[in-house]
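# A closer look at the structure
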Amino acid sequence: MAKGLPGKEVCTMELWDAIRQRRSIRRYKDQPVEDEKLNRILEAGRLAPSAGNRQEWKYVVVRDKASRQKLIEAANGQEFVGSAAAVIACCAVGVDHVMSCGQPCYPIDVAISMDHMTLAAVEEGLGTCWIGAFKEPAVKEVLGIPEEVRVVELLTLGYPDVEPKPRQRKPLEDMVCYDRWS
């Protein structure tokens, strides 16, 4: 870490390096994540922007092995969920706010927060994987999450035991048009 603004530390990795290096990791080393690293990753999520600055998310960090094992079943049998050093249940505590464009805020806000965490994890030498294939009622039961709270995604976190190659990406010109849809 290098010094930034007075009293603030900044990461030394370039943002573009983290973006290019991020991969979905589905195999982890049997090694715990240090509290300092975990806290910096959670702080990155906390600092994410949200609609109206509502910050209506809450994270349940699951390090307990027995709980992580129960999450395997809740995550449709994805075994790697149990082998990650931690699983972060990324939840929305407010789900009623809708933007004027008609989109509900909570899935977008939580996703932005999670993306901040995935990039911070890369900077820390850790891997993550977004888990959208899960049974929300089962996750809530395992983790004691109240009924009115939404579990938006699960995020595995740990030291990668694999270095996946980059996946094919569509060319930019296939995704971008200027001034009008084309």
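Higher on the page you've got the structure.
A brief structural summary. (Residues numbered from 1 in each chain as written. Predicted model: local features only at pLDDT ≥ 70, side-chain atom pairs only at ≥ 80, totals over all residues. Heavy atoms only, no water.)

### Re the overall build of the protein chain
When helices and strands are counted, the protein chain shows 6 helices and 6 strands. Traced from its N-terminal end to its C-terminal end, the protein chain shows the element sequence β-β-α-α-β-α-α-β-α-β-α-β. Relative to the globule expectation of 16 Å for 182 residues, the C-alpha radius of gyration of the protein chain, 17 Å, shows essentially globular dimensions. Its C-alpha atoms give the protein chain principal-axis dimensions of about 50 × 40 × 40 Å. Counting over 182 residues, the protein chain shows a buried share of 39%. Counting only contacts in the protein chain whose residues sit at least 6 apart along the sequence, the fraction spanning at least 24 positions is 73%. Carbon together with sulfur atoms contributes 51% to the accessible area of the protein chain, which is approximately 11500 Å² in total. One way to put it: in the protein chain the 25 positive side-chain charges average out to a point 3 Å from where the 27 negative ones average out. (Helix = DSSP H or I, 4+ residues; strand = E, 2+ residues; numbered from the N terminus. Rg over C-alpha atoms; globule rule 2.2 N^0.38 Å. Buried < 20%, exposed > 50% of the residue type's maximum accessible area, 1.4 Å probe, protein only. Contact = heavy atoms within 4.5 Å. Areas by Shrake-Rupley, 256 points an atom, 1.4 Å probe, with all protein chains shown as cover. Lys, Arg positive; Asp, Glu negative; His and termini not counted. Charge placed at Lys NZ, Arg CZ, Asp CG, Glu CD.)

### Brief notes about the side chain of Arg68
Relative to the elements of secondary structure, Arg68 occurs in helix α3 (residues 65–74). Asp30 provides the closest opposite charge to the buried, unpaired Arg68, separated from it by 6.5 Å. A distance of 2.5 Å separates the side chain of Arg68 from the backbone oxygen of Ala84, its partner in a polar contact. (Salt bridge = Lys/Arg side-chain N within 4 Å of Asp/Glu carboxyl O. Polar contact = N/O pair within 3.5 Å; in protein donor to acceptor, adjacent residues only side chain to side chain.)

### Section: the sheet that holds strand β4 (residues 86–92)
Strand order in this open sheet of 4 strands is β3-β4-β6-β5, and the pairing throughout is antiparallel. Of all the strands in the sheet, just β3 (57–62) and β5 (127–131) have a single pairing partner and so form its edges. When the angles between neighbouring strand axes are averaged without regard to direction, this sheet yields 20°. Packed on one face of the sheet, helix α2 (residues 35–46) meets β3, β4 and β6 (150–158) and runs near 160° to β3. Contacting β3, β4, β5 and β6, helix α5 (residues 105–123) crosses the sheet at an angle of about 5° to β6. (Pairing = 2+ DSSP bridges. Axes fitted to C-alpha atoms, helices over the stretch in contact; angles between N-to-C directions.)

### What to know about α3
Structural remark: α-helix, 3.6 residues per turn; residues separated by three or four positions point the same way. Listed as buried for α3 are Ser67, Arg68, Leu71, Ile72 and Ala74. Across the axial projection of α3, the buried residues extend over an arc of 165°, all falling on one side. Opposite its buried face, α3 presents the exposed residues Lys65, Lys70 and Glu73, each directed more than 90 degrees away. On the buried face of α3, the contacting elements are β3, α4 (80–83), β4 and α6 (136–143). (Arc of directions from axis to C-beta.)

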